[in-house]
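Close look at the chain arrangement
Now for the letters of each chain:
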Amino acid sequence: MKDEVDDDVAKSIEALEGDVEELNTLVDEVLTYGKLEGGSLELNFKELSISQLVDGILRHNHLLLQHLSVDVDINEADIVLADEHHLSRALQNLILNAAKYAASKISITFSHDSERWQLDIEDDGPGIAFEDRDASESGGAKFSLIWSRNQHQNTLS
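Reading the values: the criteria
- Residues numbered from 1 in each chain as written.
- Predicted model: local features only at pLDDT ≥ 70, side-chain atom pairs only at ≥ 80, totals over all residues.
- Heavy atoms only, no water.
- Helix = DSSP H or I, 4+ residues; strand = E, 2+ residues; numbered from the N terminus.
- Buried < 20%, exposed > 50% of the residue type's maximum accessible area, 1.4 Å probe, protein only.
- Salt bridge = Lys/Arg side-chain N within 4 Å of Asp/Glu carboxyl O.
- Phe/Tyr/Trp six-rings, centres within 6.5 Å; stacked < 30°, edge-to-face > 60°.
- Pairing = 2+ DSSP bridges.
- Axes fitted to C-alpha atoms, helices over the stretch in contact; angles between N-to-C directions.

**Notes on the environment of His 67**
- Mapped onto the secondary structure, His 67 falls in the loop between helix H3 (62–65) and strand S3 (69–73).
- Assessed through its relative accessible area of 52%, His 67 is described here as exposed.
- Expressed as a C-alpha distance, the spacing of His 67 and Ala 99, which sit 32 residues apart in the sequence, is 8.9 Å.

Have a look at this one:
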């Protein structure tokens, strides 16, 4: 259908496709929360390239991120043990939330030590109330996703 219309209509169609994708994401989230509450969320841990996972999220959401500079500090050789679907969902939520509030840029940084992996997502937006935050170098909000390198189970309860 996009091939048969002018550029303005094609851009509107792309925007609608993005909205539909976002609605699908919200439905998935509601279903996941239900499984979390019931203690029946099945997890499938496997080795993942964190660089490839983040890159895939950024490419998939390029329309929502196109107005921002996205700085990624992840070594391409870094491998984590995680449930790909749920880690991807959590990262996408944090990245899109940062995009919603960022003035001009988002930073995504991966770090690790012998006990944990950590992904930090920062934006240069207005931030959150002073009493509710730790300092972010960008002046906006900083959210960290931290998970153990040593403890993995097949279900989350």
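Still more to cover.
**Brief notes about the environment of Asn 93**
- With respect to the helices, strands and loops of the structure, Asn 93 is situated in helix H4 (residues 84–101).
- Expressed as a C-alpha distance, the spacing of Asn 93 and Thr 25, which sit 68 residues apart in the sequence, is 9.2 Å.

**Examining the pattern of salt bridges**
- Summed over the entire model, instances satisfying the criterion amount to three salt bridges.
- Measuring nitrogen to oxygen at the nearest pair gives 3.0 Å for the salt bridge that ties Glu 84 to Lys 46. In this pair, Glu 84 sits in helix H4 while Lys 46 sits in strand S2 (residues 45–49), placing the two residues 38 residues apart along the sequence.
- The exposure class of Glu 84 is partly exposed, given its relative accessible area of 34%.
- Judged by its relative accessible area of 38%, Lys 46 is partly exposed.
- Linking Asp 113 and Arg 116 is a salt bridge whose minimum nitrogen-to-oxygen distance equals 3.8 Å.
- The exposure class of Asp 113 is partly exposed, given its relative accessible area of 37%.

**Topic: the packing of aromatic side chains**
- Per the stated rule, a full pass over the model turns up one aromatic pair.
- Between Trp 117 and Trp 147 the ring centres are 5.7 Å apart and the planes differ by 40°, which places this aromatic pair in the tilted class. Here Trp 117, found in strand S6 (residues 116–123), pairs with Trp 147, found in strand S7 (residues 142–148); they are 30 residues apart in sequence, far enough to count as distant.
- With relative accessibility at 14%, the residue Trp 147 sits in the buried group.

**Focus on the sheet that holds S3**
- Read from one edge of the open sheet, four strands run S3-S5-S6-S7, paired in mixed fashion. Taken across any chain shown, the strands that pair with only one partner, and hence form the sheet edges, are S3 and S7. Across the sheet, the axes of successive neighbouring strands diverge by a mean angle of 10°, strand direction being ignored.
- For S3 and strand S5 (residues 105–112), the ladder comprises five bridges, and the chain directions are parallel. Its bridge partner lying in S5, Val 70 is registered against Ile 106.

Purely geometric stuff here, so don't read any function into it on its own.
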